[in-house]
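Coordinate analysis (summary)
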Amino acid sequence: MTATDPVCGMSVEPATAAAKVDHAGKTYYFCSKHCAHVFQQAPTKYLSGAHKPAMPEHAHVAMPSVPKKDPVCGMKVDPTNAAGKHEHKGKPYYFCSKGCLDKFKSDPERYLGAKPPAPPAAKAGAQYTCPMHPEIVQTGPGSCPKCGMALVPMEGAEPDDTELRDMTRRFRASAVLSLPLVFLTMAPMAGLSIHSYPFVQFLLATPVALWSGWPFFHKFWLSLRNRSPNMYTLIGLGVGLAYLYSVVALLAPGLFPAEFREHGGGVGTYFEAAAVIVTLVLLGEVMQLRALGQTSQAVRQLLALAPNTALRIENGVEREVSVSDVRVGEHLRIRPGEKIPVDGTVVEGSSNVDESMVSGEPVPVPKRPRDKVTGATINGNGTLVMRAERIGSETLLSQIVHMVAQAQRTKAPVQRLADLVATYFVEVVVAIAVVTAAAWWLFGPEPRLVYALVNAVSVLIIACPCAVGLATPISITVAMGQGAINGVLFRSAEAVEKLREVDTLVVDKTGTLTVGRPELVQLLADGVEENEALRLVASLERASEHPLAHALVKAAEARGLPLAPVDNFQSITGQGIEGTVAGRRVVVGNRKSMERFGGVPASFAATADTLRAQGKGAMFAAIDSRVGVLMAVADPVKETTPDAVKYLQSEGVRLVMLSGDARGTAEAVARQLGIDEVLAEVTPQQKIEKIRELQAAGRCVAMAGDGINDAPALAQANVGIAMGTGTDVAIESASVTLVKGDLRAICKSIRLSRATMRNVKQNLFFAFVYNAVGVPVAAGVLYPFFGILLSPIFAAAAMAMSSVSVVSNALRLRRVKL
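None of these values were measured; they are calculated from a predicted model.

What follows deals with the sheet that holds strand β32 (residues 719–723). If you trace the seven strands from one edge of the open sheet to the other, you get β21-β33-β32-β31-β22-β29-β30, paired in mixed fashion. Across the chains shown, the open sheet's two edge strands, defined by having one partner strand only, are β21 (488–490) and β30 (677–679). For this sheet, the mean inter-axis angle between neighbouring strands, taken without regard to orientation, is 20°. For strand β29 (residues 654–658) and β30, the ladder comprises three bridges, and the chain directions are parallel. Its bridge partner lying in β30, valine 656 is registered against glutamate 677. Packing against the sheet, helix α26 (residues 744–779) makes contact with β21, β22 (504–507), β31 (701–705), β32 and β33 (736–738), and its axis sits at approximately 50° to β21.

Attention now moves to the nonpolar core. Of all hydrophobic cores here, the largest spans 53 residues; its most connected members are Phe490, Leu505, Leu648, Ile721, Val736 and Ile746. Considering each element in turn, this core owes the most residues, nine residues, to α26. The contact partners of leucine 505, leaving out residues within four places of it in the chain, are Leu648, Val653, Arg654, Leu655, Val656, Ala702, Met703, Ala704, Ile721 and Ile746. Formed by 28 residues, the second largest nonpolar core is a distinct cluster that contains Met167, Leu204, Phe271 and Ile277.

Time to look at the confidence of the model for the chain. The predicted model of the chain averages 76 in pLDDT, with 75% of residues at 70 or higher. This model gives residues 52–65 a pLDDT under 50, and the stretch forms 27 contacts once residues within four places in sequence are excluded. The low-confidence segment residues 114–124 (pLDDT under 50) makes 13 contacts with residues lying over four places distant or belonging to another chain.

A few words on the pairing of strand β15 (residues 343–349). Counted residue by residue, β15 has five buried out of seven residues, so it is predominantly covered. Pairing analysis gives six bridges linking β15 to strand β20 (residues 384–390), with the strands arranged antiparallel. From the neighbouring strand, glycine 349 faces β20, where its bridge partner is leucine 384. Relative to strand β18 (residues 372–373), β15 runs antiparallel, the two being bridged by two bridges. Within the sheet, the bridge partner assigned to threonine 345 lies in β18 and is lysine 372.

Let us look at the packing of helix α18 (residues 530–541) against helix α19 (residues 549–558). A packed helix pair is summarised by two numbers, namely the angle formed by the two axes and the spacing between the axes. With their axes 8 Å apart at the nearest point, α18 and α19 run at an angle of 135° to one another. If you check the angle between α18 and α19, you find them oblique. In the packing of α18 onto α19, the handedness of the crossing is left-handed. Contacts between α18 and α19 pair Leu534, Val537, Ala538 and Glu541 from the former with Ala549, Leu552, Val553, Ala555 and Ala556 from the latter. Of the residues belonging to the contact of α18 with α19, the class tally is eight nonpolar, no polar and one charged.

Taken together, the six strands give an open sheet; going across it, the order is β13-β12-β14-β20-β15-β18, and neighbouring strands pair in antiparallel fashion. What marks the edges here is a single partner per strand, and that holds for β13 (317–322) and β18.

All right, on to the pairing of strand β25 (residues 576–581) then. Taken together, the five bridges between strand β24 (residues 566–572) and β25 define a ladder with antiparallel strand orientation. Bridging from a neighbouring strand, glutamine 570 pairs with glutamate 578 of β25. Pairing of β25 with strand β26 (residues 584–589), which is carried by six bridges, proceeds in the antiparallel orientation. Paired with glycine 576 across the bridge in β26 is glycine 589. The turn linking β25 back onto β26 is made up of two residues, and alanine 582 within it adopts a positive phi angle of 50°.

Reading guide: rules and limits
- All residue numbers refer to positions counted from 1 along the written sequence of the respective chain.
- Local features in a predicted model are, by the rule used here, given only for residues with pLDDT of at least 70; side-chain atom pairs are given and counted only at 80 or more, and totals for whole chains, interfaces and linings are based on all residues.
- The side-chain quantities take in all heavy atoms of the structure and omit both hydrogens and water.
- At least two DSSP bridges between two strands are needed for those strands to be called paired.
- In this description a helix means any DSSP run of H or I spanning at least four residues, a strand means any run of E spanning at least two, and both kinds are numbered starting from the N terminus.
- Helix axes are fitted only over the stretch in contact, all axes being lines through C-alpha atoms; the angle between N-to-C directions runs from 0 to 180 degrees.
- Contacts were defined at the residue level, with two residues in contact if any of their heavy atoms lie within 4.5 Å.
- We call a set of buried residues a nonpolar core when its members are Ala, Val, Leu, Ile, Met, Phe, Trp, Tyr or Cys and they connect through side-chain atoms within 4.5 Å of each other.
- Burial classes: relative accessible area under 20% of the type maximum marks a residue as buried, over 50% as exposed, and values in between as partly exposed (1.4 Å probe, protein chains only).
- A score from 0 to 100, pLDDT tells how confident the predictor is in each residue.
- Convention used here: angles under 35 degrees read as roughly parallel, angles over 145 as roughly antiparallel, angles from 65 to 115 as roughly perpendicular, and any remaining angle as oblique.
- What makes a crossing left-handed is the near helix being turned counterclockwise from the far one by less than a right angle; a clockwise turn instead makes it right-handed.
- Residues are sorted three ways: Asp, Glu, Lys and Arg are charged, Ala, Val, Leu, Ile, Met, Phe, Trp, Tyr, Cys and Pro are nonpolar, and all the rest, Gly among them, are polar.

Now the structure itself:
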């Protein structure tokens, strides 16, 4: 049941209220400590009924008003705390930020639908790259000098659909002109008594060839100038030959021999072939550009996760500001259902946070004071106040986007084959076209020149290597986006390919298999109540610098036990600590330190031996000179680790643990998880030597770790896998990062790697087999046996669909179950 904050009137869940105050035998709940403080100053004022909740000094908690839409960015804006307001033609408009307000003032009609907004301009200095040749990088959009493809924006550049809109416009115009052209050409063949009108064909085909097809001729010229033959070399040659031949045949038919003449004395033209080829290639370009836009959808989804505004607390007053205005150290309020604006630490309140955007796991994570929160994750039903710690490009989301964008521009080893083939492919195709033309000229039926021209053009058009070039990078790009969504970041395309070959996984223990910090896992108390024993011990340990002290303090805080001050604190080297807590003498230490109190009871001693055999540390406590407390502290295994180990072993992956911890502790964890091999008390150099030994034995080794001492081994392994919860050095040394440090993500990454390489092989099969079959058919090898020839029009359609099929197949990776 919800309660009402008597100060501001907001509905408050008692379980998640920021504060509560008892007054006149009744409990009141508050949305913030500020409201609670105000209430305590004058409770009668807020309970008399005369108070209006929406007071100016409590504007941050005013009763909700009807949200308005920011006409510039489309965000929902509360009029009571809008960053700006402006009246236009007698109507008020509200804005989420001063930037949106300034844009609206400069051109209101643009944002009110009077005229369409201009396309987003590229940011000054924005970098663009080629999807087929990631080494090509330039400032601003353009065409790749190697393959002629439209460059795509890199990280930091706004998505630019200029090329798509231009190609779409050219395609529509060419389609409108090509349809009547095809009708005029095909009508006589269909028995219709319609004259073909060659000059009408010329008038219809010329805009298609010269205007709609101009980008292809421009890229054809660039390929020659840069001495980099590509798909546009073949398109330019094919369309240019068909169009020029037809123009000469129309304007100067006397240049052709008699056998080329038709009944009326004219020479046959191929205007419709040139126009339809341009139209079909444009269709392929439009479909390809749209599909390429979808390959970066995962990164755009990540970018879209980031909120635009934050609720900043300044001197007790909350004000909505742009996220770009947030500074480190500032306090921000996150209301129920809102996105967390930046990375930081909870300082007030409790809630469950949906962190699926970084972990891939749908179960919300409880958050309380001192817990870390990540920008763009979604707050649950509670209210949180956080301290901003990482902003802008330092946030986890920004780092994820950066790593994905960098990785998508690397090449997988399997692409080397495609690049090698593509390097010589165009020259070979041109040579085949020349041989085809010569063969038909010398041995073909009359009119030989016509057959030579038509079949050479068919060879040039059908053999465009776009599908070969796209086969690998398009799949890798989609896979990396899917990995990012599922909490797996690849630093290179090679890592995507290599993971499927891994047969040995070397893992560190602390922070990889285990949580990475000691916790109280067992407490036995004799003669004193358990919670009281923990409260006394934790109060004493709070003054200690021992590494295990924090585990006891945290356990007491988790149970909500109030810690007491300590008097007469002493630390005895090698034995333990002692002091007076709440009037009781408390001593915490090892078995030897308990001898002065009569020694450890036999039952405690036996239990302690069992705990040590399990890799847990045992401590004792004496309260008022009586040994009555046994505490077991250990670095527990992550809840998700056993499932990950079982899956990896079921896939034939051998698991080897390399740990710097004591042998007993390491072996206990290995037994618990069923690890195949364990080496304890090893140095970083010994970790490298073990990995080299496994590699020398023919194993493909992946190394998973999180510490600085793991960095050399991560770099040595075939695939280094760093925990996102680990050190920056480890992350920089690895080729794969698991955002949440969950080993189950390795299982996801292996599945993704295998699915990706299957997809790449399918794409290469489609591309190579298509060309292997299409080029001979276009050259006319079937004509002597079956009388089959491939028209340039059908060759253009087949070429366009080959590229589209490769891209469409790659996009199937977005539906792979991980």
